[in-house]
Amino acid sequence: KQWYQRRVRVFACTWSLGASLDSKSRKHFDGIFRELMKDGLSLESKRRYKILVMVDAPKKALGCPYPDEGNVFEYRFVNTGNGSWVRWDDDLKGLPAIPADSEFGQIIVPTVNTIRYTALMKMFLDHSKPSLFVGPTGTGKSIYISDYLLNKVDQGKFKPVVINFSAQTTARQTQDIIMGKLDKRRKGVFGPPFGQKMVIYVDDLNMPMLETYGAQPPIELLRQWLDHWQWYDLKDCSSIKLIDTVFIGSMGPAGGGRNHITPRFLRHLNVISINEFDDTTMSTIYNSILSWHLSAKAFPPEFNTLGQSVVNATLQVYKGAIKNLLPTPEKSHYLFNLRDFSRVIQGCCLS
C-alpha cells in the first residue's frame, strides 16, 4: 500500500506542480524532477535554477521510477500487478477512423493530448475538483472539454451547463443562467436532480471587462461560490446554497482583450496548460483530416500522397509568417495562430 501511495504522489506532483508549465519549461521540470527522485539536488542544478536550499535524495527508494525514455509528462501510473508506468499514447492504438459523414468543425483527431487531458478531466469530475484549462487560441481547449462533457460522460450522472463569457457578460447574467439550470432541493438549497452532478463549464473565462476598481464581477461571483458554496438571492438577499456542482473553465493567456484572473479565484483551481502543438502533432492531425477528405470524396488513389505535401507546405508558410510577419503599430492584426492553419486545411477540404 505504501508503494502504491508513493507512486500516486509522484504522478500527482507531476500534474500539479508541472501541469501549468509550457513545453520548454516542462523539459526543465522533467530533468530536475528526475534528479530529485533519484539522487537529490545537485550543485549544478541549484546554481542553474537559482534554488535557495539543497534537497537531499529520498530516504526510501521510489521502487517504480519513471522510465528513462521520454519525459515524465508522457506517462501515467497504472495499478496493475506491482504497478507500472504506461505511455499515454498507448491508448491511441486501435482507435476508429474519422467517420465519412463528419463535419470539418466537429472532427477531433485523437492525439496524446486528447487522451491525456480527457483522462485528467475524468479524474477532476469523479472527485468533484474544480479545474481550469489554459492555452493559446486554436489548441482545442473548448473542443476537448465540450466533446467530453456532451458525448463521453455518463449523462445520467453528470448534467453539463456550458456558458461562454464575453467582454459584456455581467454577474447577474451568470447567476441567472446557472440558477435557471438548478432545482430547489429545500429552502435555500439548490442543486441538480437527485443522483446527478451539475458540471458548470465556462469558456473564455477571462474575457469579462474590468470594472472601476479592477475586479471582474462574473468571476467574483464564481469565486464567492467556490469560497463559500453559496450566493444570495437578488430579490430578498437570502442565502442560496449550491450543492452537487463542479466547475470547469478554459481560457487563453492574458492579452488581446483577455485579462488576468484574480489569484483569489485561481487558488481554487487545478490549472492545466494546453500547449501549442509541435510539428509532429500538427502534421499528424492535419494529414489525418486530409486523408479523411480524400477518402470520403472518393478521390483517385494518386491523390493520396498529396496530403502530407500540402500539410508540410502549409506548416512551413505558417512558421515563416509567425517568424517574419510580426505585429507592428500599423499592422497590429499580424497575429497568427492554429486557427489560421486550420482555415487553410478547411479550404482544401472544400475541393
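Residues numbered from 1 in each chain as written. Predicted model: local features only at pLDDT ≥ 70, side-chain atom pairs only at ≥ 80, totals over all residues. Heavy atoms only, no water.

**Comments concerning the overall build of the protein chain**
- The helix and strand tally for the protein chain stands at 11 helices and 11 strands.
- With the C-alpha coordinates aligned to their principal axes, the bounding extent of the protein chain is approximately 70 × 60 × 50 Å.
- Residues counted as buried form 39% of the 351 residues belonging to the protein chain.
- Excluding contacts between residues fewer than 6 apart, the proportion of contacts in the protein chain whose partners are at least 24 apart in sequence is 68%.
- Accessible area for the protein chain stands at about 20,100 Å²; split by element, carbon and sulfur atoms hold 54% of it.
- Positive and negative side-chain charges in the protein chain, numbering 44 and 33 respectively, have mean positions lying 6 Å apart. (Helix = DSSP H or I, 4+ residues; strand = E, 2+ residues; numbered from the N terminus. Buried < 20%, exposed > 50% of the residue type's maximum accessible area, 1.4 Å probe, protein only. Contact = heavy atoms within 4.5 Å. Areas by Shrake-Rupley, 256 points an atom, 1.4 Å probe, with all protein chains shown as cover. Lys, Arg positive; Asp, Glu negative; His and termini not counted. Charge placed at Lys NZ, Arg CZ, Asp CG, Glu CD.)

**With respect to the pattern of salt bridges**
- For the structure on display, the rule yields 15 salt bridges.
- Arg 34 is paired through a salt bridge with Asp 30; the nearest N and O atoms lie 2.9 Å apart. Separated by four residues within a single helix, Arg 34 and Asp 30 lie in helix 2 (residues 23–38), roughly one turn from each other. Just as Arg 34 is buried, Asp 30 falls in that class too.
- Among the salt bridges present, the one from Asp 90 reaches Lys 93, with a minimum N-O distance of 4.0 Å.
- Bridged by salt links that share partners, the residues Glu 220, Arg 223, Asp 227, Arg 264 and Arg 267 form one connected network. (Salt bridge = Lys/Arg side-chain N within 4 Å of Asp/Glu carboxyl O.)

**Brief notes about the sheet that holds strand 3 (residues 131–134)**
- Across the sheet, which stays open at both edges, the five strands sit in the order 4-7-10-3-11 with parallel pairing between neighbours. Of all strands in the sheet, those with a lone pairing partner are strand 4 (158–164) and strand 11 (270–273), marking the two edges. Recorded for the sheet is a direction-independent mean angle of 20° between the axes of neighbouring strands.
- Sheet strands in contact with helix 4 (residues 112–126) are strand 3, strand 4, strand 7 (197–203), strand 10 (245–251) and strand 11, and its direction is about 170° off that of strand 11. (Pairing = 2+ DSSP bridges. Axes fitted to C-alpha atoms, helices over the stretch in contact; angles between N-to-C directions.)

**Let's talk about helix 10 (residues 306–324)**
- Compared with an ideal rise of 1.5 Å per residue, which puts 19 residues at 27 Å, helix 10 spans 27 Å between its outermost C-alpha atoms and is within 8% of the ideal.
- Regarding helix 10, the residues found buried are Gly 307, Val 311, Thr 314, Leu 315, Tyr 318 and Ala 321. In a view along the axis of helix 10, the buried residues occupy a sector of 130°, so they form one face of it. Turned more than 90 degrees from where helix 10 packs its buried face, Gln 316, Val 317, Lys 323 and Asn 324 sit exposed. (Expected span 1.5 Å × (residues − 1). Arc of directions from axis to C-beta.)

**Details of the state of the cysteines**
- Evaluated as defined, the whole model comprises zero disulfides.
- Free cysteine: Cys 348, not disulfide-bonded; nearest cysteine sulfur from Cys 349 at 6.8 Å.
- Judged by its relative accessible area of 29%, Cys 348 is partly exposed. (Disulfide = S-S within 2.5 Å.)

**Brief notes about the nonpolar core**
- Leu 125, Phe 133, Leu 149, Ile 289 and Ile 345 are the most contacted members of the largest nonpolar core, which totals 51 residues.
- Once residues within four sequence positions are removed from consideration, Leu 125 is found in contact with Tyr 148, Leu 149, Val 153, Phe 158, Lys 197, Val 199, Val 246 and Ile 248.
- If you look at the next biggest cluster of nonpolar residues, it comprises 26 residues, including Val 161, Phe 165, Ile 219 and Trp 231. (Core = buried A, V, L, I, M, F, W, Y, C linked by side-chain atoms within 4.5 Å.)

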